[in-house]
Amino acid sequence: EVQLVESGGGLVQAGGSLRLSCAASGFTFDDYAIGWFRQAPGKEREGVSCISSSDGSSYYADSVKGRFTISSDNAKNTVYLQMNSLKPGDTAVYYCAAEFGPCDYYRLYYGMDNWGKGTLVTVSS
């Protein structure tokens, strides 16, 4: 069974940093795209970033490009999202997701097949 467990969320001041982790199990890590999505109350889900575990290629939403960095540690079956220069608009529940195949803009926009339970990130002003 595919399992994704997020950690690292919390409360941070604007301009600060957080690193989220997604620990994956139950599938062949190198064959999957792993992504981060977020959803704030009353707003639609937004694809933040995704990475192809096979070759490390990655994609970012325009709203986070230059501030967030996604990376993977294949030996640990873990994907990270380093979030710098955080803004109040980044406040949301952040979800890790995975799907067989490469990362691409289609998966980042429409979502993926498997989801974690999420971790809350709150950025104060």
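Before reading on, note that the structure itself is shown above.
Summarised in this report is the structure supplied together with it. (Residues numbered from 1 in each chain as written. Predicted model: local features only at pLDDT ≥ 70, side-chain atom pairs only at ≥ 80, totals over all residues. Heavy atoms only, no water.)

**Concerning unusual backbone geometry**
Positive phi, normally seen in glycine, also occurs at N77, with a value near 50°. With respect to the secondary-structure elements, N77 resides in the loop between β7 (68-73) and β8 (78-83). (Helix = DSSP H or I, 4+ residues; strand = E, 2+ residues; numbered from the N terminus.)

**Regarding the packing of aromatic side chains**
Taken as a whole, this structure holds 7 aromatic pairs when the rule is applied. Here Y32 and F100 contribute two aromatic rings whose centre-to-centre distance is 5.8 Å and whose plane-to-plane angle is 85°, an arrangement assigned as edge-to-face. In this pair, Y32 is assigned in strand β4 (residues 32-39) and F100 in strand β9 (residues 92-100), connecting sequence segments 68 residues apart. Its guanidinium or amino end placed over the ring of F37, R45 lies 5.7 Å from that ring's centre, counting from NZ or CZ. (Phe/Tyr/Trp six-rings, centres within 6.5 Å; stacked < 30°, edge-to-face > 60°. Lys NZ or Arg CZ within 6 Å of the ring centre and 35° of its normal.)

**A few points about the environment of Y106**
In this structure, Y106 sits in helix α1 (residues 105-110). Residue Y106 is classed as exposed on the basis of its relative accessible area of 57%. (Buried < 20%, exposed > 50% of the residue type's maximum accessible area, 1.4 Å probe, protein only.)

**Looking at the side chain of T78**
With respect to the helices and strands, T78 occurs in strand β8. There is a polar contact of 2.9 Å between the side chain of T78 and the backbone oxygen of K76. Apart from the residues within four sequence positions on either side, T78 is in contact with S21, C22, A23, F29, S71, S72 and D73. (Polar contact = N/O pair within 3.5 Å; in protein donor to acceptor, adjacent residues only side chain to side chain. Contact = heavy atoms within 4.5 Å.)

**Considering the nonpolar core**
Of all hydrophobic cores here, the largest spans 29 residues; its most connected members are F27, I34, W36, F68, L81, M83 and Y94. At the level of elements, β3 (18-25), β4, β5 (46-52), β7, β8, β9 and β11 (119-124) are the ones that each hand at least two residues to this core. When sequence neighbours within four positions are dropped, the list of residues in contact with L81 reads L18, R19, L20, W36, V48, S49, F68, T69, I70 and Y94. Membership of the second largest hydrophobic core comes to 7 residues, among which are A33, F37, L108 and M112. (Core = buried A, V, L, I, M, F, W, Y, C linked by side-chain atoms within 4.5 Å.)

**Overview of the state of the cysteines**
Throughout the structure, instances matching the rule amount to 2 disulfides. Here C22 engages in a disulfide with C96; their sulfurs sit 1.9 Å apart. Residues C22 and C96 are joined through a disulfide that is left-handed, its torsion about the S-S bond being -75°. Taken as a pair, C22 in strand β3 and C96 in strand β9 lie far apart in primary sequence, 74 residues in all. Neither residue differs from the other here; C22 and C96 are each classed as buried. Here C50 pairs with C103 through a disulfide, and the sulfurs are 1.7 Å apart. Taking the sign of the torsion about the S-S bond as the criterion, the disulfide between C50 and C103, at about 55°, is right-handed. Here the residue C50 occupies a position in strand β5, and C103 occupies one in the loop between β9 and α1, the gap between them amounting to 53 residues. Neither residue differs from the other here; C50 and C103 are each classed as buried. (Disulfide = S-S within 2.5 Å.)

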